[in-house]
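Listed below are the residues making up each chain.
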Amino acid sequence: MKCKGAIFDMDGLLFDTEVIYQQTWNEIAKEKGIHLPKEFVKDLSGTNGSTMCHVIETYYGVSNGSKIQVDCMARMKKKLDMYVPKKSGVDEILQFFKENNVHLAVASSSGKSQIENNLKIAGIRTYFEKIISGTEVETGKPEPDIFLLAAEKIDCKPEECYVFEDSLNGI
C-alpha cells in the first residue's frame, strides 16, 4: 500500500500550543481559586464539545463547563493572533509530503477559524488541501470520526493515510 494521504492534529503536534493552553486553563483556575492537578491535562487534551465540557465541570467544580471553555478559547485566540509556536521539523515533513504528492489535511478539535488563523500565521496554510474541525463531526475525539472525515475530504481511504496525533484522547 502506498500512502496517499497524511492527516495532522494541530495543537501539540504542528504547534507547541499545548503549553499556552495549559497556562490559560491555569490562569482561569487561579482566578476561581482552583488548583488543577496534572491529570487535567491528560483528560482534556484532544477533546472538544460535550467531552471537554464534562472534563471542565469535573475539575472546576461547575455545573456548566461551556462558559469556562468559551473564556479559554477567547483568551487563546488573542494570544495566538500574535504568535503561533511551530514545532521543530514541521516544515520539513510537510515539504516531503508535498514533493511526494501526498494529500494533506488538518483534523483538529479546535474551531475552524482558529485552525485557519494558526496555519496562516505560521506560514504553512498552503500545504493543506482540507481543514476539518471538531465542530464538523457529531462525535469528537477519542472517536475516530474527525480522521475518517478528513480522509474522505482528501479523497483517500482511511487505510491509505498516515495520521499524526499526539494526545491519548486523539489516539
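Structure's up top.
Residues numbered from 1 in each chain as written. Predicted model: local features only at pLDDT ≥ 70, side-chain atom pairs only at ≥ 80, totals over all residues. Heavy atoms only, no water.

1. Comments concerning the overall build of the protein chain
- In terms of regular secondary structure, the protein chain is built from seven helices and four strands.
- Mapped from its N terminus to its C terminus, the protein chain presents α and β elements in the order β-α-α-α-α-α-β-α-β-α-β.
- A globule of 171 residues ought to have a C-alpha radius of gyration of about 16 Å, and the protein chain, at 16 Å, matches this closely.
- C-alpha atoms of the protein chain, sized along the principal axes, occupy 50 × 30 × 25 Å.
- Of the contacts formed within the protein chain by residues at least 6 apart in sequence, a portion of 71% connects residues at least 24 apart.
- As displayed, the protein chain offers around 9100 Å² of accessible surface, 53% of which is attributable to carbon and sulfur atoms.
- Across the protein chain, the centroid of the 21 positively charged side chains sits 5 Å from that of the 26 negatively charged ones. (Helix = DSSP H or I, 4+ residues; strand = E, 2+ residues; numbered from the N terminus. Rg over C-alpha atoms; globule rule 2.2 N^0.38 Å. Contact = heavy atoms within 4.5 Å. Areas by Shrake-Rupley, 256 points an atom, 1.4 Å probe, with all protein chains shown as cover. Lys, Arg positive; Asp, Glu negative; His and termini not counted. Charge placed at Lys NZ, Arg CZ, Asp CG, Glu CD.)

2. As for the layout of surface pockets
- When its volume is computed, the largest pocket comes out at roughly 480 Å³.
- Looking at the largest pocket, it is lined by 30 residues, and the ones nearest its centre are Tyr21, Met52, Met73, Ser109 and Ser110.
- Residue assignment for the lining of the largest pocket shows that the elements contributing at least two residues are helix H1 (18-31), helix H3 (49-60), helix H4 (66-80) and helix H6 (112-122).
- Split by residue class, the lining of the largest pocket holds six nonpolar, 17 polar and seven charged. (1 Å grid on protein atoms, 1.4 Å probe; cavity = no way out; pocket = protein on both sides within 12 Å on 5 of 7 lines; lining within 4 Å. Points joined across faces, edges and corners; volume = space filled by probe spheres on them. Nonpolar A, V, L, I, M, F, W, Y, C, P; charged D, E, K, R; others polar.)

3. Overview of the packing of H3 against H4
- Orientation of H3 relative to H4, taken along the N-to-C sense of each, is 105°, at an axis distance of 8 Å. Here H3 is positioned roughly perpendicular relative to H4, judged by the angle of their axes. Along the contact surface, H3 presents Gly49, Met52, Cys53, Ile56 and Tyr60, while H4 presents Ser66, Ile68, Gln69 and Met73.
- Here the contact of H3 with H4 is built from residues that sort into six nonpolar, three polar and no charged. (Axes fitted to C-alpha atoms, helices over the stretch in contact; angles between N-to-C directions. Parallel < 35°, antiparallel > 145°, perpendicular 65-115°, else oblique.)

4. Describing the pattern of salt bridges
- On inspection of all chains with the given rule, the structure shows twelve salt bridges.
- Across the pair Arg75 and Glu31 runs a salt bridge, and its minimum N-O distance is 2.7 Å. Of this pair, Arg75 sits in helix H4 while Glu31 sits in helix H1; the two residues are 44 residues apart in sequence, bridging distant segments of the chain.
- You can call Glu31 exposed: its relative accessible area is 56%.
- Here Glu165 makes a salt bridge to Lys141, at a shortest N to O gap of 2.9 Å. Highlighted residues: Glu165 in the segment after strand E4 (161-164) and Lys141 in the loop between strand E3 (130-133) and helix H7 (145-153), separated in sequence by 24 residues.
- For Glu165, a relative accessible area of 15% gives the class buried.
- On the basis of relative accessible area, Lys141 is assigned to the buried category, the value being 1%. (Salt bridge = Lys/Arg side-chain N within 4 Å of Asp/Glu carboxyl O. Buried < 20%, exposed > 50% of the residue type's maximum accessible area, 1.4 Å probe, protein only.)

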